[in-house]
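Chain by chain, the residues:
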Amino acid sequence: QVQLVESGGGLVQAGGSLRLSCAASGGTFSSYTMGWFRQAPGKEREFVSAITWFGGKTHYADSVKGRFTISRDNAKNTVYLQMNSLKPEDTAVYYCAGRWTNSIATSRSEYGYWGQGTQVTVSS
């Protein structure tokens, strides 16, 4: 049973930073692509960033490019999302997702494993 557990969310002022973590367990993650999505109230869940497990190829949504950085620690089966220069529009529940293939995907339907989400609130 694959499990993804996010942590690191919280309340921060605009311009501040947070680092989200996603710990994976219950599976072999050598071929997993990991992604971050977010969902604001009343909006669809949207792609934020993804990273392949081999090679560390990354991809970002235009709205976060240059501000967010995704990384991974394979030894710890953990993926991180460093979020800098946060804006009020970044406020959302952030979800970690896993995909059983070593290629980038931006559609939520292509991810089969999901965490429970962690709330990020950015005040103006």
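Above this text you will find the structure in question.
Residues numbered from 1 in each chain as written. Predicted model: local features only at pLDDT ≥ 70, side-chain atom pairs only at ≥ 80, totals over all residues. Heavy atoms only, no water.

Notes on the packing of aromatic side chains
In step 1: With the rule as written, the count across this model stands at six aromatic pairs.
In step 2: Between the aromatic rings of phenylalanine 37 and tyrosine 111, the centroid separation amounts to 5.2 Å while the plane-to-plane angle is 75°, which identifies the pairing as edge-to-face. With phenylalanine 37 in strand β4 (residues 33-39) and tyrosine 111 in the loop between β9 (92-99) and β10 (113-114), the pair connects residues that are 74 residues apart, well separated along the chain.
In step 3: Relative accessible area serves as the criterion here: at 5%, tyrosine 111 is assigned to the buried category.
In step 4: Here the aromatic residues Phe37, Phe47, Tyr111 and Trp114 are joined through ring pairs into a cluster of three or more.
In step 5: Over the aromatic face of tyrosine 95 sits the side chain of arginine 45, whose NZ or CZ is 3.6 Å from the ring centroid.
In step 6: Above the plane of the ring of tryptophan 114 lies arginine 45, whose end atom (NZ or CZ) is 5.0 Å from the centre. (Phe/Tyr/Trp six-rings, centres within 6.5 Å; stacked < 30°, edge-to-face > 60°. Helix = DSSP H or I, 4+ residues; strand = E, 2+ residues; numbered from the N terminus. Buried < 20%, exposed > 50% of the residue type's maximum accessible area, 1.4 Å probe, protein only. Lys NZ or Arg CZ within 6 Å of the ring centre and 35° of its normal.)

Quick look at the sheet that holds strand β8 (residues 78-83)
In step 1: With respect to topology, four strands assemble into an open sheet ordered β1-β3-β8-β7, the strand pairing being antiparallel. Each of the sheet's edge strands pairs with one partner strand only, and the pair in question is β1 (3-7) and β7 (68-73). Neighbouring strand axes in the sheet, compared pairwise and without regard to direction, differ in orientation by 15° on average.
In step 2: Pairing of β7 with β8 involves six bridges; the strand directions are antiparallel. Within β8, the position partnered with threonine 69 by the bridge is glutamine 82. (Pairing = 2+ DSSP bridges. Axes fitted to C-alpha atoms, helices over the stretch in contact; angles between N-to-C directions.)

Structural notes on the pattern of salt bridges
In step 1: With the rule as written, the count across this model stands at five salt bridges.
In step 2: As a salt-bridge pair, aspartate 90 and arginine 38 come within 2.9 Å of each other at their nearest N and O atoms. Note that aspartate 90 is positioned in the loop between β8 and β9 and arginine 38 in strand β4, a separation of 52 residues in sequence.
In step 3: Notably, a salt bridge pairs glutamate 110 with arginine 99, separated by 3.4 Å at the nearest N-O pair. Of this pair, glutamate 110 sits in the loop between β9 and β10 while arginine 99 sits in strand β9, and the two are 11 residues apart along the sequence.
In step 4: On the accessibility criterion, glutamate 110 (38% relative accessible area) is partly exposed.
In step 5: Residues participating in the shared-partner salt-bridge network are Arg38, Glu46, Arg67 and Asp90. (Salt bridge = Lys/Arg side-chain N within 4 Å of Asp/Glu carboxyl O.)

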